[in-house]
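# A closer look at the structure
Take a look at the letters that make up each chain.
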Amino acid sequence: MNQYETVFILTPVLSDEQMKETVAKFKKLLTDNGAEILNEEAWGLKKLAYNIQKKSSGFYALLEFNAEPSVIDTLETGFRRDEKVIRYITVKQDKYSAAYAEKRRAKWAAKKEA
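Report follows, based on the coordinates. These numbers were taken from a predicted model, which means no experiment stands behind them.

A word on the environment of asparagine 39. With respect to the helices and strands, asparagine 39 occurs in strand β2 (residues 36–52). Measuring from C-alpha to C-alpha, the distance between asparagine 39 and glutamate 64 comes to 5.0 Å, with 25 residues separating the pair along the chain. Here glutamate 41 takes part through its side chain, which lies 3.0 Å from a polar atom of the side chain of asparagine 39.

This is the structure in C-alpha cells:
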C-alpha cells in the first residue's frame, strides 16, 4: 500500500451540509475500495488564483490515505463524474513528504486540543 494525499475543490454554490456530504461520499468511495483514511481536513471557502468554470472561489478539502494504486483510478473517475468537483489533484507521498505530513498532523492535533 502507498500513502497518497488528494486535494479537491468543490463548487462554491454548495451549502456547508452539501459540501460535507460530498466529502463523505469520497471518503466512503475510498474505504469501500480498501483504503485507510489517515487524515481529513476541510480548508473551507477560499478564493481561487484564477477563475475556473466562471467561479472565483471554492471549498477546499484534503484527504490523506493509504491505498493500492488501482484505487486512485476509481477515485479520480468519481471526481470527474461529480459536477460539484471543479479541480482535484492526487499525489503519491514519498518517505519525506509522508514524514512531513505526520508532523503537520501532530501539530494540527496539538493546536486543536489547546
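Here the focus is the pattern of salt bridges. Enumeration over the complete set of coordinates arrives at 8 salt bridges. With its nearest N and O atoms 2.7 Å apart, the salt bridge here joins glutamate 41 to arginine 104. Placement of glutamate 41 in strand β2 and of arginine 104 in helix α3 (residues 95–113) is noted, with a sequence separation of 63 residues between them. The class of glutamate 41 is buried, set by a relative accessible area of 5%. Assessed through its relative accessible area of 23%, arginine 104 is described here as partly exposed. Residue glutamate 64 pairs with arginine 104 through a salt bridge whose shortest N-O separation is 2.9 Å. In this pair, glutamate 64 sits in strand β3 (residues 55–67) while arginine 104 sits in helix α3, placing the two residues 40 residues apart along the sequence.

Right, let's talk about the packing of helix α1 (residues 16–32) against helix α2 (residues 69–81) for a bit. Where α1 meets α2, the axes come as close as 10 Å, and the angle between the chain directions of the two elements is 155 degrees. Between α1 and α2, the crossing angle belongs to the class labelled roughly antiparallel. Here α1 and α2 pass one another in a crossing that is right-handed. Residues Phe26, Leu29 and Leu30 of α1 form the contact with α2, whose own contacting residues are Val71, Thr74, Leu75, Gly78 and Phe79. Across the contact of α1 with α2, the residue classes break down as 6 nonpolar, 2 polar and no charged.

Cut-offs applied
- Residues numbered from 1 in each chain as written.
- Predicted model: local features only at pLDDT ≥ 70, side-chain atom pairs only at ≥ 80, totals over all residues.
- Heavy atoms only, no water.
- Helix = DSSP H or I, 4+ residues; strand = E, 2+ residues; numbered from the N terminus.
- Polar contact = N/O pair within 3.5 Å; in protein donor to acceptor, adjacent residues only side chain to side chain.
- Salt bridge = Lys/Arg side-chain N within 4 Å of Asp/Glu carboxyl O.
- Buried < 20%, exposed > 50% of the residue type's maximum accessible area, 1.4 Å probe, protein only.
- Axes fitted to C-alpha atoms, helices over the stretch in contact; angles between N-to-C directions.
- Parallel < 35°, antiparallel > 145°, perpendicular 65-115°, else oblique.
- Left-handed = near helix turned anticlockwise from the far one by under 90°.
- Contact = heavy atoms within 4.5 Å.
- Nonpolar A, V, L, I, M, F, W, Y, C, P; charged D, E, K, R; others polar.

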